[in-house]
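Given next are the chains, with one letter for each unit.
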Amino acid sequence: MEAAKLTRINDFTWRIEPHGATRVPAVIYADSNLLHGMDEMVERQLSNVAALPGIVRAAYAMPDAHWGYGFPIGGVAAFDPAQGGVVSAGGVGFDISCGVRTLTTGLKTAQLREIADKLADTLYARIPAGVASTGAITLDDAEMTAMLQGGARWAVARGWGDERDLARIEEAGCMAGADPAQVSPKARERQRREMGTLGSGNHYLEVQRVEHLYDEKAARALGLRIGEVVVTIHCGSRGLGHQIGTEFLREMVIRAPEFGLELPDRELACAPIESELGRRYLGAMRAGINCALANREILTHLTRDVFREFFPDASLELLYDVSHNTCKEEAHLLEGRPRRLFVHRKGATRAWWPGHEDLPPELRPIGQPVLIGGSMGTESYVLLGCESGRDNAWGSACHGAGRRMGRNQAARHWKGKWVVKKLAEQGILIRSPSLRGVAEEAPGAYKDASAVVECAEQAGLARRVARLRPMICIKG
Amino acid sequence: MNPQVTSLSPHWEHFHHGADVGVRGFGRTLEEAFAQAALAVTAVMIPPGEARQKESVRIECDAPDREILLVDFLNAVIFEISTRKLLLGRFDVRISDGVLRAQAWGETAEPGRHEPAVEPKGATFTQLKVEHTPEGWLAQCVIDV
């Protein structure tokens, strides 16, 4: 993207002034290198979002923004129902509430190294991963409804999780306002045997070591100590979320004229928040969030079982669980007045600032943890929401590194076996059902997460606390 | 993007999208182009020729226009992949009065024998195009994976 076309606010913030049909400015958080590497489509898609009815203040792009569907990935936008604001199925995406959670273990790296191969094999055997994998849990329709209503709380109540995890999950593990009746039989059918599965693509379970601390005091508060082992899980709402996205996107595309919406891109399909379709989508999407929260809780339960076999005294504590693809009703100040806004985060993480009332008491003094995944060969990061986030992008931050190369291009460039061998030489064990999948996810196919989080910090979106280095990666 | 149709023979290809995969089918008829686009979805996971034709599935959908019909068809294919763990290597498509009826042949994915690379989540409206060119039909969209 050319900086010359944008208004420079500072070294890390750029603005596209309102033009044409846009109702608000667009704001891009990036340093000059990240901005230069950003697809031109980000600018076009962000301007399209800025033209949607009821959008307030600005359409935002995070430092890892890239070309998405309708909304850019790394896009954040808030809509006011009182001003005819909309909710967009495309603005949430297919993998509803795809997200990341990190668990501390209290184990030392050396303890893990002794049994790393066996641990990798056992995790791979017990965590269903990859295309066509199924979980050990099959849900009938009544249990499916209970899961869609209860989220991680449902999983805990059924014995697949730990009560103390709930406070460390957004929405305390259960998204309010879910309406399972709006989740179609097809969406339910896709999920019937997929609870507790990792999925494929960029989803993973990683055993990592804490490599560097940027803020020792905050790290201590989060249970992070240098040289200790943590586990990070990245996955979402599986087939159920995909089917909800598919069905509502179609209905919103077809019914757009009914709401007087002229869409420059059909993928921007949306409906007024205060419409029957908008309400139905919100009910289904919130049920999809609960599915993702339940899924990550079950995967955590399976992981704890495996670790218990190797380290009977180890206690895996949930540091935090963040969701990326959501639309949430939140309280914000708009022009100094409190308002209820519907904030879309598409490939972006909520990053509540210190003191936010939604945070559990132990996190309130420091802010919300923001978990940033790298690729399977590179660093991941733990950040915290910061005070300036209150004024920046509705308390949001980046979500990952973002791809540098398409999947086919990566598969042509690298062989899976070579990637596995090279990573093993660096002490990183890979287990995956698909070597082509590993090639498509090669570290070189991703951008540098370090540059993204450094920019997020300098732009005042979130601040760095710890850097994590992979040791074992179970790749779907 | 303005793809050139270079041959009348039905075929498929993938086209570039930053995070995901574009699927494109070419055919002498609309039906052939749709069938080829569906093969391109299978090719996101495995080479379509590797799917043995051991079982078949029927797909039916209708839509207000040809482009939405393509999205519906590919999403119906993805539903079969997701729920029946099917890898489909052959498609026979019929379209009449906006109604698509198809039969597809393939086999259940077997861990160890197949190594599907990545799971298609849904067909999107991004770069969606169904058009008749002087050389034949083209059907394309981006698949979220």
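Residues numbered from 1 in each chain as written. Chains lettered and ligands numbered in written order. Predicted model: local features only at pLDDT ≥ 70, side-chain atom pairs only at ≥ 80, totals over all residues. Heavy atoms only, no water.

## Considering the environment of Ala104 of chain B
Residues and elements named next belong to chain B. Assignment of secondary structure puts Ala104 in strand 5 (residues 99-108). With 57 residues separating them in the primary sequence, Ala104 and Pro47 have C-alpha atoms 16 Å apart. Once residues within four sequence positions are removed from consideration, Ala104 is found in contact with Glu55, Ser56, Val57, Leu88, Arg90 and Phe91. (Helix = DSSP H or I, 4+ residues; strand = E, 2+ residues; numbered from the N terminus. Contact = heavy atoms within 4.5 Å.)

## Section: the sheet that holds strand 12 (residues 326-334) of chain A
Residues and elements named next belong to chain A. Taken together, seven strands build an open sheet; the order of strands is 1-2-3-4-5-13-12 and the sheet is mixed. Edge positions in the sheet fall to strand 1 (7-10) and strand 12, since each of these pairs with one other strand and no more. Within this sheet the neighbouring strands show an average axis-to-axis angle of 25°, counted without direction. By the bridge criterion, three bridges tie strand 1 to strand 2 (residues 13-16) in an arrangement that is antiparallel. Across the sheet, residue Arg8 finds its bridge partner in strand 2, namely Trp14. The sheet contacts of helix 11 (residues 276-310) involve strand 12 and strand 13 (337-346), and relative to strand 12 the element is tilted by about 105°. (Pairing = 2+ DSSP bridges. Axes fitted to C-alpha atoms, helices over the stretch in contact; angles between N-to-C directions.)

## Topic: the confidence of the model for chain B
For chain B, per-residue confidence averages 92 on the pLDDT scale, and 95% of positions sit at 70 or higher. For the stretch residues 1-6 of chain B, pLDDT sits under 50, and the model shows 13 contacts to residues farther than four places along the chain or on other chains. (pLDDT = per-residue confidence, 0-100.)

## Quick notes on the interface of chain A and chain B
Contacts between chain A and chain B engage 41 residues on the former and 42 residues on the latter. Where chain A packs against chain B, one counts five salt bridges. Two residues, Arg266 of chain A and Glu67 of chain B, come together in a salt bridge whose shortest N-O distance is 2.7 Å. Among the secondary structure elements, those contributing two or more residues to the side of chain A that touches chain B are strand 4 (55-69), helix 8 (185-191), helix 10 (238-255), helix 12 (407-413) and helix 14 (435-440) of chain A. Top element by residues in the side of chain A that touches chain B is helix 10 of chain A. It accounts for eight residues. When the residues that make up the side of chain A that touches chain B are grouped by side-chain class, the tally is twelve nonpolar, 16 polar and 13 charged. (Salt bridge = Lys/Arg side-chain N within 4 Å of Asp/Glu carboxyl O. Nonpolar A, V, L, I, M, F, W, Y, C, P; charged D, E, K, R; others polar.)

## Details of the pairing of strand 5 of chain B
Residue and element names in this part refer to chain B. Where burial is concerned, most of strand 5 is hidden: seven out of the ten residues are buried. Note: strand 4 (residues 86-96) against strand 5, ten bridges, orientation antiparallel. In the sheet register, Ser96 faces strand 5, and the bridge partner there is Val99. Here strand 4 folds back onto strand 5, and the loop between the two strands holds two residues, one of which, Asp97, carries a positive phi near 50°. (Buried < 20%, exposed > 50% of the residue type's maximum accessible area, 1.4 Å probe, protein only.)

## Observations regarding the packing of aromatic side chains
Within the structure shown, the criterion is met by nine aromatic pairs over all chains. Note on Tyr29 of chain A and Tyr60 of chain A: the rings are 6.2 Å apart at their centroids and 10° apart in plane angle, and the pair reads as stacked. With Tyr29 of chain A in strand 3 (residues 26-29) and Tyr60 of chain A in strand 4, this pair connects stretches of sequence that are 31 residues apart. Residue Tyr29 of chain A is classed as buried on the basis of its relative accessible area, which comes to 3%. Between the aromatic rings of Trp154 of chain A and Trp160 of chain A, the centroid separation amounts to 5.5 Å while the plane-to-plane angle is 55°, which identifies the pairing as tilted. Members of the aromatic cluster, connected to one another through ring pairs, are Phe34, Phe73 and Phe91 of chain B. If you follow Arg345 of chain A out to its NZ or CZ, it ends over the ring of Trp352 of chain A, 5.8 Å from the centre. (Phe/Tyr/Trp six-rings, centres within 6.5 Å; stacked < 30°, edge-to-face > 60°. Lys NZ or Arg CZ within 6 Å of the ring centre and 35° of its normal.)

## Thoughts on the pattern of salt bridges
Residue and element names in this part refer to chain A. The tally for this structure, following the rule as stated, stands at 62 salt bridges over all chains. Across the pair Arg164 and Asp162 runs a salt bridge, and its minimum N-O distance is 2.2 Å. The class for Asp162 is partly exposed, based on a relative accessible area of 22%. Glu258 serves as the salt-bridge partner of Arg255, at 2.8 Å between the closest nitrogen and oxygen. Given the relative accessible area of 17%, Arg255 is considered buried. According to the relative accessible area criterion, Glu258 is exposed, its value standing at 52%. Taken together, the shared-partner salt bridges in this structure form one network comprising Arg403, Arg407, Arg436, Glu440, Glu441 and Lys475.

## Let's talk about the sheet that holds strand 3 (residues 55-62) of chain B
Pairing between the strands of a sheet is mediated by backbone hydrogen bonds and can be parallel or antiparallel. Residues and elements named next belong to chain B. In space, the three strands of this open sheet follow the order 3-5-4, with antiparallel pairing throughout. The sheet terminates laterally at strand 3 and strand 4, the two strands that pair on one side only. Ignoring which end each strand starts from, the neighbouring axes of this sheet average 20° apart. Sitting on the sheet, helix 1 (residues 30-45) is in contact with strand 4 and strand 5, with an inclination near 160° to strand 4. Packing against the sheet, helix 2 (residues 66-84) makes contact with strand 3, strand 4 and strand 5, and its axis sits at approximately 145° to strand 3.

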